[in-house]
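The primary structure of each chain is shown beneath.
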Amino acid sequence: MPTSQDMTTELDPGLLDALQHQVAVFARRAEQTRLGGTGQLRNSMDRAAYLLLNRLDQEGPMGVKALAAGMGIDSSTVTRQVAPLVDTGLVKRTSHPEDGRAVVLQLSPRGLARLEEVRSSRRQLMVEVTEGWTPDERDSFCTLLTRFNTALSARQSAHTGGPATESAAASAPVPAAPAGTASTTGAPAEGSSESAQTS
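Now for a quick tour of the structure.

Analysis parameters
For every chain, the first residue of its written sequence is number 1, and the numbers climb from 1 along that sequence. Per-residue local features of the predicted model are confined to residues with pLDDT of at least 70, and side-chain atom pairs are confined, for both listing and counting, to 80 or more; whole-chain, interface and lining totals are unaffected and use all residues. Note that water and hydrogens are dropped before the side-chain values are worked out from all heavy atoms of the structure. The term nonpolar core refers to a set of buried residues drawn from Ala, Val, Leu, Ile, Met, Phe, Trp, Tyr and Cys, joined through side-chain atoms within 4.5 Å. Only protein chains enter the accessibility calculation, which uses a 1.4 Å probe; a residue whose area is less than 20% of its type maximum is buried, one above 50% is exposed, and one in between is partly exposed. Only DSSP runs of H or I with at least four residues qualify as helices, and only runs of E with at least two residues qualify as strands; both kinds are numbered from the N terminus onward. Any two residues whose heavy atoms approach within 4.5 Å at even a single point are treated as in contact. Each pair of aromatic rings taken from Phe, Tyr and Trp, with Trp reduced to its six-membered ring, is defined by centres within 6.5 Å and is described as stacked if the planes are under 30 degrees apart, edge-to-face if over 60, and tilted in the remaining cases. Charge over a ring is defined by NZ of Lys or CZ of Arg lying within 6 Å of the ring centre and within 35 degrees of the ring normal. We define a salt bridge as a contact between a side-chain nitrogen of Lys or Arg and a carboxyl oxygen of Asp or Glu at a distance within 4 Å.

Moving on, we get to the nonpolar core. Core analysis: the largest hydrophobic core is formed by 21 residues, its most contacted members being Leu 52, Leu 53, Leu 56, Leu 67, Val 82, Leu 85 and Val 91. Elements supplying a minimum of two residues to this core: helix H3 (47–59), helix H4 (64–71), helix H5 (75–87), strand E2 (103–107) and helix H6 (109–129). The dominant element in this core, judged by the number of residues it contributes, is H3, at six residues. Every residue in contact with Leu 56, bar those within four places of it in the chain, is listed here: Met 62, Leu 67, Val 91, Leu 105, Gln 106 and Leu 107.

This is the structure in structure tokens:
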């Protein structure tokens, strides 16, 4: 079975150098802009809050441990990141529907409205950044970026023995955007800016 070193030797070194350089540039640009949207909502929600709210919207109410496992971080980190979201009313703590003694985190109506505002702003940013792209080009880029994030997540999980990270957990297929619009790639993009910090 060929080793990673064998595969590196077989592939075009120049292409690999160009790829790793572009990933490094992307990571820096994504961190600088935080892919935070446009207008008044630009950079109005940090990455941790966005990913937490997005996860609760996609998966529904869940406990801290389940949320932490799905995002590939420890429970204490989730607890710390969720606290201000609860304080501001974006997330609420409720009793588990099947076990009244357990507490789950749930996106509040205010949190959902806030998340939709941020998503809309970030969609507009994607429209502006990919202006001139065809719908197929946007779809292909989203598919490949998702695949790249998933591979990074799997590699990290294999090396650390931990759960999959958010970039893989948020890698469910994204419906193709209508012509003239951009796909909603907020979650993957955020995850990739975190996972791809290669330089």
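Counted under the stated rule, the structure contains one aromatic pair. Lying across the ring of Tyr 50, Arg 122 places its NZ or CZ 4.2 Å from the centre.

Okay, the pattern of salt bridges next. Tallied over the full model, the rule gives five salt bridges. As a salt-bridge pair, Arg 55 and Glu 59 come within 3.7 Å of each other at their nearest N and O atoms. With Arg 55 and Glu 59 both in helix H3 and four residues apart, the pair spans about one turn of that helix. The salt bridge partner of Arg 123 is Glu 116, with a shortest N-O separation of 4.0 Å. On the basis of relative accessibility, which here comes to 31%, the residue Arg 123 falls in the partly exposed class. Within this structure, Asp 57, Glu 116, Arg 119 and Arg 123 form a network of salt bridges that share partners.

No statement about biological role is implied by the geometric values presented.
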